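Examining the three-dimensional arrangement
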Amino acid sequence: MAKISASVYTSHVPAIGAAIDNGVTDEAYWQPLFKGYEYSKEWIKENMPDVVLLVYNDHATAFDSNFIPTFAMLTGEEFKPADEGWGPRPVPNVKGHPELASHLAQSLILDEFDLTVVNSVDVDHGLTVPLSLMFGQPEHWPVKVIPIAVNVVLYPVPTGNRCYALGKALKKAVETFDDDLNIQIWGTGGMSHQLQGPRAGLINKEFDNNFLDKLASEPEELARTPHLDYVRLAGSEGIELVMWLVARGAMDDNVIQKHRFYHVPASNTAVGHVILENGKQTEEL
Ligand code: DHB
Ligand code: FE
């Protein structure tokens, strides 16, 4: 049986990817940010999964106002890094897991989550920056990745509660896959930030720290946060945090927090990063 062993949560700012790609992570501006991921890069070496379910959002790169799925399962064999205006990032292609992804799609749809199935799409910084933060600059990504896209760009966007419920359905779906796979689920985006309009540059440390305080122990309370609160309190792009709730929903109720990090700013964003593990019973894998 496949099993989710751990979850990783991280912001996905494009400038972080550019800092890695251009070899400037040692600069004074970036040092404190990358220090927060040193533990994580060691932790992932010790806890290497077979497959990562990577919950991310596309930023009008592959999906736009012509068509935008609320939830999409990316079932392809391979995904190329997208050209977001400066050419594709110099990172490896992402290898998918079509068999598991198709199983997850079927299980979720039978569980009444009517998601979209997408086979071929290029993936933007929302997906590739978290991989770079956790794995650095390898020639090939060391894991297979099933991207799960959530619309947080074009309104109406799904509620945090719906995202949390999707996570619970994903946990069930994973546990009905026959192969013994060690799975992690990553929730990306956030924390507070707003990129446009009169409030551009908004950061809300109190909101973010409250979210970090409750992620492990009181996720239901976070799931009840109305989505307008994210926009009002955490800025128009703060709504990306609902993707963390998909990952948290897929974990056990009781989790062990291995790492917590918060840093302001990276570009226009408050960076948050957490690692949660499921309890002992997962060691029987
Ligand atoms: C920034 C942050 C994001 O989450 C994003 O998708 C794009 C830009 C930023 O802070 O620059
Ligand atoms: Fe974003």
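All figures in this text were calculated on a predicted structure; none of them were measured in a lab. (Residues numbered from 1 in each chain as written. Chains lettered and ligands numbered in written order. Predicted model: local features only at pLDDT ≥ 70, side-chain atom pairs only at ≥ 80, totals over all residues.)

Looking at the overall build of the protein chain
Helix and strand counts for the protein chain come out as 10 helices and 10 strands. Taken over the C-alpha trace, the protein chain has a radius of gyration of 17 Å; the compact-globule value for 285 residues is 19 Å, and the two agree within 12%. Principal-axis analysis of the C-alpha atoms places the extent of the protein chain at approximately 50 × 40 × 40 Å. Expressed as a percentage of the 285 residues in the protein chain, the buried residues total 48%. Contacts in the protein chain between residues far apart in sequence, at least 24 positions, make up 82% of those at least 6 positions apart. (Helix = DSSP H or I, 4+ residues; strand = E, 2+ residues; numbered from the N terminus. Rg over C-alpha atoms; globule rule 2.2 N^0.38 Å. Buried ≥ 20, exposed ≤ 12 C-beta atoms within 10 Å, placed from the backbone. Contact = placed C-beta atoms within 7 Å.)

Considerations on the site of ligand 1
Close to ligand 1 lie His12, Val13, Pro14, Ala15, His59, Gly189, His193, Leu195, Glu237, Ser267, Asn268 and Thr269. In the shell around ligand 1, the residues fall into 4 nonpolar, 7 polar and 1 charged. (Near = placed C-beta within 6 Å. Nonpolar A, V, L, I, M, F, W, Y, C, P; charged D, E, K, R; others polar.)

Thoughts on the sheet that holds strand β6 (residues 116–118)
With respect to topology, 8 strands assemble into an open sheet ordered β6-β3-β7-β2-β8-β1-β10-β9, the strand pairing being mixed. Sheet topology places β6 and β9 (255–266) at the edges, where each strand pairs with a single neighbour. Neighbour to neighbour, the strand axes of the sheet diverge by 20 degrees on average, direction disregarded. Pairing between strand β3 (residues 71–74) and β6: 3 bridges, direction parallel. Its bridge partner lying in β6, Met73 is registered against Val117. (Pairing = 2+ DSSP bridges. Axes fitted to C-alpha atoms, helices over the stretch in contact; angles between N-to-C directions.)

Description of the packing of helix α4 (residues 98–110) against helix α6 (residues 160–174)
Packing of α4 against α6 leaves a shortest axis separation of 9 Å and a crossing angle of 125 degrees. It follows from the interaxial angle that α4 and α6 lie oblique. Between α4 and α6 lies a crossing whose hand is right-handed. For the pair α4 and α6, contact is made by His103, Leu104, Ser107 and Leu108 and by Ala169, Leu170, Lys172 and Ala173, respectively. (Parallel < 35°, antiparallel > 145°, perpendicular 65-115°, else oblique. Left-handed = near helix turned anticlockwise from the far one by under 90°.)

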